[in-house]
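Geometric and topological summary
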Amino acid sequence: MRKVVSSPFISLDGVVQSPNEWQFAFDEEMGAALGKALETADTILMGRVTFTEWAGYWPTVTSGEDAGFAKWINDSPKYVVSSTLDSVEDWANSTLVDGDLTAAIEKLKAGEGKDITVAGSPTLVRSLLELDLLDELVLLIHPVVAGEGRKKLFEDDAALKKLELVSAEPTSSGVIIATYRPVR
């Protein structure tokens, strides 16, 4: 059975939105963790906001330091969860998931292939966790307070959800890579 894994950058105050505005260091250990995530996944799951932001950018990247990731994400099957989009045809290998989320994710997990990675999409991550569809949450916790006005991974009124710590590793820049699994 395939796993659904989310690996967001997150600040100490829980912010996941716009890490480019508050992430001050990207070290070798973080690169290795993200590289491992890409090696173990072959399918991408994302929400509407991430899709609309990324669909206009990643298909245009053909060279430079991001070319490897661009090739990987452009060539991989992408499943876009949205109740408002009519089409995702503007980015190759994209499929719209607009029906029963649980049924769609269970079908993906039962299929052939490697893990399924969630790209960005904090609203989707929350939904997957609430529906018991997220198998692993790998937080790259940055030693920074991002401040108000940015989207947090969890809302203040989120329901109680127990997770177990699988591993935790500090990096040379002070980021902690913490892997959690929901208690089922």
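Residues numbered from 1 in each chain as written. Predicted model: local features only at pLDDT ≥ 70, side-chain atom pairs only at ≥ 80, totals over all residues. Heavy atoms only, no water.

Labelled according to an unreviewed UniProt entry, the protein appears under the name Dihydrofolate reductase family protein, originating from Streptomyces citrinus.

Attention now goes to the nonpolar core. With 22 residues, the main nonpolar core has Val4, Leu45, Ile105, Val118, Leu128 and Leu134 as its most contacted residues. Elements supplying a minimum of two residues to this core: helix H4 (101–110), strand S6 (115–118), helix H5 (122–130) and strand S7 (136–142). By residue number, the principal contributor to this core is H5, which donates four residues. Excluding residues within four positions of it along the chain, Ile105 makes contact with Val4, Leu45, Leu128 and Leu133. If you look at the next biggest cluster of nonpolar residues, it comprises 15 residues, including Met46, Ala55, Trp72 and Val88. (Core = buried A, V, L, I, M, F, W, Y, C linked by side-chain atoms within 4.5 Å. Buried < 20%, exposed > 50% of the residue type's maximum accessible area, 1.4 Å probe, protein only. Helix = DSSP H or I, 4+ residues; strand = E, 2+ residues; numbered from the N terminus. Contact = heavy atoms within 4.5 Å.)

What follows deals with the confidence of the model for the protein. Across the protein, the average pLDDT comes to 91, with 100% of residues at 70 or higher. The secondary-structure element of the protein with the lowest mean pLDDT is helix H1 (residues 28–39), recorded at 86, while strand S8 (residues 163–170) shows the highest, at 96. (pLDDT = per-residue confidence, 0-100.)

This brings us to the environment of Pro77. Note on placement: Pro77 falls in the loop between helix H3 (67–75) and strand S4 (78–81). On a C-alpha basis, the gap between Pro77 and Ala92 in space is 8.3 Å, while along the polypeptide they are 15 residues apart. Setting aside its immediate chain neighbours within four residues, Pro77 contacts Asp42, Thr43, Ile44 and Asn93.

With that settled, consider the pairing of S6. By the alternation rule, side chains of S6 split into Asp115 and Thr117 and Ile116 and Val118, which are all buried. Relative to S6, strand S1 (residues 4–6) is paired through three bridges, and the arrangement is parallel. Residue pairing for S6: Val5 is matched across the bridge by Thr117. In the sheet, strand S3 (residues 41–47) pairs with S6 via four bridges, with the strands oriented parallel. By the bridge assignment, Thr43 is partnered in S6 with Ile116. (Pairing = 2+ DSSP bridges.)

Take the side chain of Thr43 next. Relative to the assigned elements, Thr43 resides in strand S3. Polar contacts involving the side chain of Thr43 include one to the side chain of Asp42, which spans 3.0 Å. (Polar contact = N/O pair within 3.5 Å; in protein donor to acceptor, adjacent residues only side chain to side chain.)

Here we take up H4. When H4 is considered as a whole, its buried residues turn out to be Leu101, Ile105, Leu108 and Lys109. The buried residues of H4 all sit within an arc of 100° when viewed along its axis, so they share a single face. Exposed side chains of H4 directed beyond 90 degrees from the buried face belong to Lys107 and Ala110. Here the buried face of H4 lies against S1, S3, S4, S6 and H5. Between the side-chain oxygen at the start of H4 and the backbone nitrogen of Thr102 there is a gap of 3.1 Å, and the oxygen is on Asp100. (Arc of directions from axis to C-beta.)

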